[in-house]
Amino acid sequence: MTELPARRLLLVHAHPDDESINNGATMARYVAEGVQVALVTCTLGERGEVIPPQLRHLTGAALGECRLRELTAAMGELGVKDFRLLGGAGRYADSGMMGLPDNDDPACFWQADVDAAAGPLVEVILALRPQVLVTYDGHGGYGHPDHIQAHRVAMRAVELAAEAGWSVPKVYWNRVPRSVAEAAFARLREELPGLPFAKNAEIDDVPGVVDDENITTEIDGGAYAAAKAAAMRAHATQIEVAPGERHFALSNELAQPLFTTEYYELVRGQRPQQRETDLFAGIEEAV
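Along each chain, residue indices are assigned from 1 in the same order as the chain's sequence is written. Only residues with pLDDT of at least 70 get local features here, since the model is predicted, and only at 80 or more are side-chain atom pairs given and counted; chain-wide, interface and lining totals rely on the full set of residues. Calculation of side-chain values draws on the structure's entire complement of heavy atoms; hydrogens and water are dropped beforehand.

The protein is annotated in an unreviewed UniProt entry as 1D-myo-inositol 2-acetamido-2-deoxy-alpha-D-glucopyranoside deacetylase from Streptomyces galilaeus. UniProt positions are given in the numbering used here, feature names are shortened, and annotations may be inferred rather than shown by experiment. Quoted verbatim from the Catalytic activity (unreviewed entry) field of UniProt, the annotation for the protein is "1D-myo-inositol 2-acetamido-2-deoxy-alpha-D-glucopyranoside + H2O = 1D-myo-inositol 2-amino-2-deoxy-alpha-D-glucopyranoside + acetate".

Have a look at this one:
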């Protein structure tokens, strides 16, 4: 068996761009520290809304191909060399926003059998043996069907991988503490007139906002702020990063903060008594 790096991190996301928005600074930091960082993306985001007018002709498979190129560029900015599509490119189609007829497409991720979709992810887990896995909560952060399904598939894959021989010691969900979101939006209201967006988002538009006591871990990615912003900017069809790299907007043109300290809730593993500053806290010597 090939010897694996001492620390190994696996992230599971729904579409290209989710990883950079939620975890870009974390990924860049751990790559710089020599951690094996791997990403599994569940769909190509073929039904995403496109921001630049010159690219709005892209739909379906053509948009998916473009978003894969964007993902490749973003991973280059973060230094991540191992990134994969769940089951291979095009295996699961984007499901569209919740409540749309797209959700009923038999080929979409939302309609996939969870155990069947978990199978390819189990193979990745058994091959990489990550000590840490990061994904969404049961609401998918904000209710998108592909995010909810990514949560279901990731959590089920962790269970099945344990039965097959590798028990992931720590599983985290992406979070943002409410106090941090409130302070960031207060600053955003002051800066909005100078931003190239119509108006600011609301706190509830930010995925994963929870009360502060739910936060177990915070990762200071300030040194990698530029890398995160560059990775987000690489997803040009989906994200517009404002000058100064403190804010961004999606296709709704609502400004929201760009966080370089990233927050998590530990849901598998021993919950710490005090907030951690390292996803690998307590497990380097044990695994």
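That was the structure; now back to the text.
This part covers the overall build of the protein. Helix and strand assignments come from DSSP, with helices taken as H or I runs of at least 4 residues and strands as E runs of at least 2, each series counted from the N terminus. Within the protein, the regular secondary structure consists of 6 helices and 12 strands. Projected onto its principal axes, the C-alpha coordinates of the protein cover approximately 55 × 45 × 30 Å. Here the protein displays about 12300 Å² of accessible surface, and carbon together with sulfur accounts for 49% of that area. Positive charge is attributed to Lys and Arg, negative charge to Asp and Glu, and no charge count is given to His or to the chain ends. Throughout, a charge is located at the NZ atom of Lys, the CZ atom of Arg, the CG atom of Asp or the CD atom of Glu. Treating the 25 positive side-chain charges of the protein as one cloud and the 42 negative ones as another, the clouds have centres 2 Å apart. The protein chains shown are the only cover counted for residues, whose accessible areas, like all others here, come from Shrake-Rupley with a 1.4 Å probe.

What UniProt calls "binding site: Zn(2+)" (unreviewed entry) maps, in this numbering, to His15, Asp18 and His147. In three dimensions, the annotated residues from a span of 133 residues occupy one location, with a maximal C-alpha spread of 9.4 Å. Following the sequence through the fold, His15 ends up in the loop between strand E1 (8-13) and helix H1 (18-32). Think of it in three bands: with a 1.4 Å probe and only protein chains considered, a residue is buried below 20% of the maximum accessible area for its type, exposed above 50%, and partly exposed in between. For His15, a relative accessible area of 5% gives the class buried. With near-sequence residues (within four places) excluded, His15 lies in contact with Thr41, Thr43, Gly45, Arg67, Asp94, His144, Asp146 and His147. Topologically, His147 is positioned in helix H4 (residues 145-164). Once residues within four sequence positions are removed from consideration, His147 is found in contact with Ala14, His15, Asp18, Tyr136, Gly140 and Tyr142. Residue contacts are defined here by distance: any two heavy atoms, one from each residue, within 4.5 Å place the two residues in contact.

Our focus in this paragraph is the pattern of salt bridges. Think of a salt bridge as a Lys or Arg side-chain nitrogen and an Asp or Glu carboxyl oxygen that are within 4 Å of each other. In total, this model carries 17 salt bridges according to the counting rule given. The partner of Lys170 in a salt bridge is Glu276, with the nearest N and O atoms 2.8 Å apart. Here Lys170 is found in strand E5 (residues 170-177), whereas its partner Glu276 is found in the segment after strand E12 (261-268), with 106 residues between them in sequence. Considered together, Lys170 and Glu276 belong to a single accessibility category, that of buried residues. A salt bridge links Lys228 to Glu262, with the shortest nitrogen-to-oxygen separation between them at 2.7 Å. With Lys228 in helix H6 (residues 225-234) and Glu262 in strand E12, this residue pair connects regions lying 34 residues apart in the sequence. One salt-bridge network, held together by shared partners, links Arg7, Arg29, Glu33 and Asp278.

Further remarks concern the environment of Gly143. Among the structural elements, Gly143 can be located in the loop between strand E4 (132-135) and H4. On the accessibility criterion, Gly143 (12% relative accessible area) is buried. With 106 residues separating them in the primary sequence, Gly143 and Ala249 have C-alpha atoms 18 Å apart.

Moving on, we get to the nonpolar core. It is characteristic of soluble globular proteins that their nonpolar side chains tend to be buried jointly. Counting residues in each nonpolar core, the largest one holds 29 residues, and the members touching the most others are Leu10, Leu86, Phe109, Leu121, Ile125 and Leu133. Within the residue set of this core, elements represented by two or more residues are E1, strand E2 (36-41), helix H3 (114-128) and H4. Not counting residues up to four positions away in its chain, the partners in contact with Phe109 are Cys42, Thr43, Leu86, Tyr92, Ala93, Ser95, Ala117, Asp146, Gln149, Ala150 and Val153. In this text, buried Ala, Val, Leu, Ile, Met, Phe, Trp, Tyr and Cys residues form a nonpolar core when linked through side-chain atoms within 4.5 Å. In this structure, Leu39, Tyr172, Ala231 and Ala234 belong to the second largest nonpolar core, which totals 25 residues.

Below, the discussion takes up the packing of H1 against helix H2 (residues 60-78). Running from N to C, H1 and H2 point in directions that differ by 40°, and their axes come no closer than 9 Å. Where H1 abuts H2, its residues Glu19, Ser20, Gly24, Met27, Ala28 and Val31 lie against Leu71, Ala74, Met75 and Leu78. Fitted lines through C-alpha atoms give the axes, limited to the stretch in contact for helices. The angle between two N-to-C directions lies from 0 to 180 degrees.

We now examine the packing of H2 against H6. Packing of H2 against H6 brings their axes to within 8 Å, and their N-to-C directions diverge by 170°. As the angle between them shows, H2 and H6 are arranged roughly antiparallel. Residues Glu70, Ala73, Ala74, Glu77 and Leu78 of H2 touch H6, and the partners they reach there are Ala227, Lys228, Ala230, Ala231 and Ala234. Residue composition of the contact of H2 with H6, grouped by class: 7 nonpolar, no polar and 3 charged. An angle below 35 degrees is treated as roughly parallel, one above 145 as roughly antiparallel, one from 65 to 115 as roughly perpendicular, and anything else as oblique. As a working rule, the residues Ala, Val, Leu, Ile, Met, Phe, Trp, Tyr, Cys and Pro are called nonpolar, Asp, Glu, Lys and Arg charged, and the rest polar, with Gly in that last group.

A few words now on the environment of Glu159. With respect to the secondary-structure elements, Glu159 resides in helix H4. The class for Glu159 is partly exposed, based on a relative accessible area of 42%. Placed 56 residues apart in sequence, Glu159 and Asn103 show a C-alpha to C-alpha distance of 26 Å.

Turning our attention to the sheet that holds strand E11 (residues 254-257). Should DSSP find at least two bridges between two strands, the strands are regarded as paired. Pairing within the open sheet is mixed, and its 4 strands lie in the order E6-E11-E10-E9. Whereas interior strands pair on both sides, the edge strands pair on one side only; in this sheet they are strand E6 (199-200) and strand E9 (240-241). Direction of pairing for E6 relative to E11: parallel, over a ladder of 2 bridges. Each residue of the ladder has a partner; that of Asn200, found in E11, is Ala255.

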